[in-house]
Amino acid sequence: MKHDFLDKYSKLGSVIHKLDPRAKIITFLLFIIFVITTAPHDYLSFAAYAAVISIVVFLSKVPLSYVFKRVLVIIPFVLLVAIFLPFANKGPEGWTIFWNVMIKSFLAVLATIMLSSTTKFHKLLKGFELLKFPKIMIMMLAFMYRYVFILVDEAHRMERARDSRYFGGEYLRQIKIVCNIIGLLFIRAYERGERVYQSMSARGFDGNIITMNELKYVKSDMIFYIIFTGMILTIKIWSLF
Amino acid sequence: MKKVIEINDLCYSYPDEKIALENINLDIFEGESVGIVGANGAGKTTLILHINGIIRSNNGNIKVIDMEMTDKNIRKIRSKVGLVFQNPEDQLFSPTVFEDVSFGPLNMKLSPDEVIKRTTDALEMVEMSGFENRSSHHLSEGEKKRISIATVLSMNPEILVLDEPTSNLDPKHRRELIHLLKKFNKTIIIVSHDLEAMLELCDRTVLMNKGEIVKDGKTRELMSDRKLMEDNYLECPLSLKN
């Protein structure tokens, strides 16, 4: 079975795709910080930030429908939290905060989606690693990415095996079986972890994670740094006056 | 001939006290290709895990290339014994093929240039050049098996140990793998139920049952012994029946 829901469009070859992951991580993080620290009534700044990230979306050639679908996955969670704000804060202030949370999270989510859908997952990890992210976290994420699909496949197979012997009815018993499948999945994952560790040990792994630096900044990365940071800095400074 | 593996009076039981190995005595010489056969649960995999020090037993001793299995030697031993696990999904744990194949050399603390060279060479040896940036999840079973072998070849081991190398392969890929294994002129130990493949690849075969070595001899002779094979839950390969 094939799954690529995490970085489906990461194999396109646009300008944004070709950038060094570090450049994207740093600039997008900066973008998110700038957006979050914008004053609530500064709608013009929000529009300007939206314009900047729209340019990135446009340049990346990732289909708009895909981008918005991804946003839609996250927005309900934000909405769930934000919906109580107008009630907690009486008067028009509550609604201002509500819209603020919505706009800021929308822009921030857009930036993260751009980061994840224009960068292959292993490159993204490499980028984080070179930015001195803890290696143990990187490794955990790498394992997650490698094995999540296998676990999903395993769950599907168990489900299929159940369905092939399931003739309907007995609702309560079905719940029990689902619980069994979950438990079994846990045990299998645990045992696989043990085998993976054995195969790592067999190749000389002793707890120290050694990796290679394969990323190099090129001219286009620098140009992106300057243009992107320049644009958002201008918006920020301009909004301060 | 030089002895590369020397196992004396090895016993091992799992934490649940099930006896897995009993009184194993086995010598393997340089350049030999040895098959280990036996029923499910006969202790074959447990035995080969000992060769790499993944499992260590207090009873009996193991010497690999004149090195005792001790904490001090274990790193060196592991770099000399390339162990390929049965399931490629366990063997290939990195996001990309390159990272998997370079994992061993990096742990050996080689220089970056040397690591790249070893990785490229190993992939070339298994005829998988150009797969460096692919993710192992999207490879076919045959490709995964080859890459798994490359992950240990990159460490340039003196002994290659393979657990069920031909399982889950279609006949064409199985054949290609056999050709590939035939090309290596190193000491090879293969654990498998694929007796026909063993017949082609191994000159010598060790037959195990219930944790013990029942017989150790020339593959062709051992596998032609119908009674011996059937007593140990195996059967003679078709090509030896007449």
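What counts, and at which threshold
Residues numbered from 1 in each chain as written. Chains lettered and ligands numbered in written order. Predicted model: local features only at pLDDT ≥ 70, side-chain atom pairs only at ≥ 80, totals over all residues. Heavy atoms only, no water. Helix = DSSP H or I, 4+ residues; strand = E, 2+ residues; numbered from the N terminus. Rg over C-alpha atoms; globule rule 2.2 N^0.38 Å. Buried < 20%, exposed > 50% of the residue type's maximum accessible area, 1.4 Å probe, protein only. Contact = heavy atoms within 4.5 Å. Areas by Shrake-Rupley, 256 points an atom, 1.4 Å probe, with all protein chains shown as cover. Lys, Arg positive; Asp, Glu negative; His and termini not counted. Charge placed at Lys NZ, Arg CZ, Asp CG, Glu CD. Buried area = accessible area lost by both parts, 1.4 Å probe. Salt bridge = Lys/Arg side-chain N within 4 Å of Asp/Glu carboxyl O. Polar contact = N/O pair within 3.5 Å; in protein donor to acceptor, adjacent residues only side chain to side chain. Nonpolar A, V, L, I, M, F, W, Y, C, P; charged D, E, K, R; others polar. Domains from an automatic or database assignment.

Peer 1: Is there a simple way to think about the overall build of chain A in this case?
Peer 2: Looking only at helices and strands, one finds 10 helices and zero strands in chain A. Put simply, chain A runs from its N terminus to its C terminus through helices and strands in the order α-α-α-α-α-α-α-α-α-α. For chain A, whose C-alpha radius of gyration is 23 Å, the value lies well above the compact-globule estimate of 18 Å for 241 residues. Viewed in the frame of its principal axes, chain A has a C-alpha envelope of about 65 × 50 × 30 Å. The proportion of buried residues among the 241 residues of chain A is 40%. Here the contacts in chain A between residues at least 6 apart in sequence split such that 79% fall between residues at least 24 apart. Carbon and sulfur atoms provide 72% of the accessible area of chain A, an area that totals close to 14300 Å². Across chain A, the mean location of the 30 positive side-chain charges is 5 Å away from that of the 16 negative side-chain charges.

Peer 1: Explanation requested: helix H4 (residues 97-107) of chain B in the structure shown.
Peer 2: In an α-helix, one turn spans 3.6 residues; hence positions three or four apart end up facing the same way. Buried residues dominate H4 of chain B, accounting for 10 of its 11 residues. Along H4 of chain B, the residues that are buried comprise Val97, Phe98, Asp100, Val101, Ser102, Phe103, Gly104, Pro105, Leu106 and Asn107 of chain B. Looking at the buried residues of H4 of chain B, the elements they touch are helix H9 (171-202) of chain A together with helix H2 (74-80), helix H3 (88-91), helix H5 (112-125) and helix H6 (141-153) of chain B.

Peer 1: Even after reading the chapter, I still don't get unusual backbone geometry, so can you show me in this structure?
Peer 2: A negative phi angle is the norm for most residues apart from glycine, just as the trans form is the norm for most peptide bonds. All names here are of chain B. For Asp66, which is not glycine, the phi dihedral falls at a positive 60 degrees. Here Asn156, not a glycine, exhibits a phi torsion of approximately 55 degrees, which is positive. Mapped onto the elements of the fold, Asn156 is located in the loop between H6 and strand S7 (159-163).

Peer 1: Explanation requested: the interface of chain A and chain B in the structure shown.
Peer 2: Put simply, an interface is often sized by how much accessible area is lost when its parts join up. If you look at the interface, chain A gives 28 residues, while chain B gives 36 residues. A buried area of about 2800 Å², summed over both sides, lies between chain A and chain B, and 58% of it is on carbon and sulfur atoms. Our enumeration of links across chain A and chain B arrives at four salt bridges. For Asp90 of chain B, the salt bridge is made with Arg192 of chain A, and the minimal N-O distance between the two is 3.0 Å. On the surface where chain A and chain B come into contact, there are 11 residue pairs in polar contact (both at pLDDT 80 or more). For the side of chain A that touches chain B, the element with the highest residue contribution is H9 of chain A, accounting for eight residues. Residues belonging to the side of chain A that touches chain B are distributed by class as follows: 12 nonpolar, eight polar and eight charged.

Peer 1: Just to check I follow, could you spell out the domain arrangement of chain A for this structure?
Peer 2: All names here are of chain A. As far as domains go, chain A holds domain 1 (21-129 + 214-239) and domain 2 (133-202). Computed over C-alpha atoms, the centres of domain 1 and domain 2 are 34 Å apart. Each side of the interface is counted separately: domain 1 has four residues, and domain 2 has seven residues. Between domain 1 and domain 2 the total buried area reaches about 570 Å² when both faces are included, carbon and sulfur atoms providing 82% of it. Taken as a group, Phe121, Leu125 and Glu129 account for 78% of the area that domain 1 buries against domain 2, more than any other trio of residues on that side. Summed over the shared surface of domain 1 and domain 2, the number is zero salt bridges. Summed over the shared surface of domain 1 and domain 2, the result is one residue pair in polar contact (both at pLDDT 80 or more). Here the residues of the side of domain 1 that touches domain 2 are counted per class, giving three nonpolar, no polar and one charged.

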